[in-house]
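Each chain is listed here by its residues.
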Amino acid sequence: MILIFNNVMAIFRKELQGYFKSSLAYVIAGVFWLLACSLFVSEVQLWTAQKTAGQVVDVPQESLKSFLSGMWWLVMFLMPSLSMGLYAEERRHRTLELLATSPITNWAVALGKLLAVWTLFVTLMLPVGVLEILFLSHADPPITAGVFVVGHLGLFLLAAAILSLGLFISSLADSSILAIILTYALILILSLLFLLGERWGEPWVAIFDQLSLVKHYVTLTQGVLDMSSVILFVSYIVLGLFLTAQSIDLLRFQRR
């Protein structure tokens, strides 16, 4: 167990150091900060304007909920750009076969890569989180801590689920471009399943609602700690890791 942990951490450190040496990561960080901070400020201005117009609204709480809901689009479009090269670049540099036949288990490699790219996303969120806390610390009445904590839990779980599924797609694709296109398609399908359910009626409404990323993410952004939503995101994370390990195992088998 200690050996597996050390292997995971070795992959984690290698991948994370690679991000901080990559110019693409800094471009993505700049775009993310610009869009996320702009979204937060625009939501505050929107709800402040409604209060000024005479509506009874809790500006800090409604701004936070709307901001987290809007972050869905930003995460959906930016996470595949982080996951697209996780294995596709290994394939392009002809190091994937070496990795597949190394003594390190495919689970450990996949988990190390996922932890590294997820940690990068958490790092990207830190300046945005500081902006949120600076604004919300002056809220009167104080904002409910549960809305902030559960909402951000949903955001981090959503990012991890998309990255894990993108990791699997990257293990299949020959190029990063193909990986990002296929990841966008998969995430879009999983997000909008509820629309298909509404069109087809029962029992598909209930089934697709349970599988939809959007439905469960919106629930968490409202501050509702629904365990079925947490379980769904964790299931997608584990599924992505499992399929990635199987994909690399298949490559190892083909090279024997």
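This structure is a prediction, so every number in the text was calculated from the model and none was measured.

*Asks:* Tell me what's going on with the overall build of the protein chain, and back it up with residues and numbers.
*Replies:* For the protein chain, the count of helices and strands is 12 helices and zero strands. For the protein chain, the α and β elements follow one another from N to C terminus as α-α-α-α-α-α-α-α-α-α-α-α. When its C-alpha atoms are laid out on the principal axes, the protein chain stretches across 70 × 45 × 35 Å. For the protein chain, contacts bridging at least 24 residues in sequence account for 75% of all contacts bridging at least 6. Total accessible area on the protein chain is roughly 13000 Å²; 71% of this is exposed by carbon and sulfur atoms.

*Asks:* Give me the lowdown on the nonpolar core, citing residues and values where you can.
*Replies:* Counting 70 residues, the largest nonpolar core has Phe32, Met71, Trp72 and Met79 as the members making the most contacts within it. Once you skip the residues sitting within four places of it in the chain, Trp72 turns out to touch Leu158, Ile162, Ile187, Ser191, Leu213, Val214 and Tyr217. Listed in part, the six residues of the second largest apolar core include Met84, Phe168, Ala179 and Ile180.

*Asks:* So, a nonpolar patch on the surface: which residues are in play, and what are the values?
*Replies:* A contiguous nonpolar patch, built from Leu24, Val27, Val31, Leu34 and Leu35 and spanning about 430 Å² of accessible area, is present on the exposed surface. With respect to the helices, strands and loops of the structure, Val31 is situated in helix H2 (residues 23-52). You can call Val31 partly exposed: its relative accessible area is 35%.

Parameters at a glance
Residues numbered from 1 in each chain as written. Predicted model: local features only at pLDDT ≥ 70, side-chain atom pairs only at ≥ 80, totals over all residues. Heavy atoms only, no water. Helix = DSSP H or I, 4+ residues; strand = E, 2+ residues; numbered from the N terminus. Contact = heavy atoms within 4.5 Å. Areas by Shrake-Rupley, 256 points an atom, 1.4 Å probe, with all protein chains shown as cover. Core = buried A, V, L, I, M, F, W, Y, C linked by side-chain atoms within 4.5 Å. Buried < 20%, exposed > 50% of the residue type's maximum accessible area, 1.4 Å probe, protein only. Patch = residues over 30% accessible without salt bridge, like charges linked within 9 Å, V, L, I, M, F, W, Y side chains within 5 Å. Salt bridge = Lys/Arg side-chain N within 4 Å of Asp/Glu carboxyl O.

Fair warning: the whole summary comes from geometry, so function is off the table for now.
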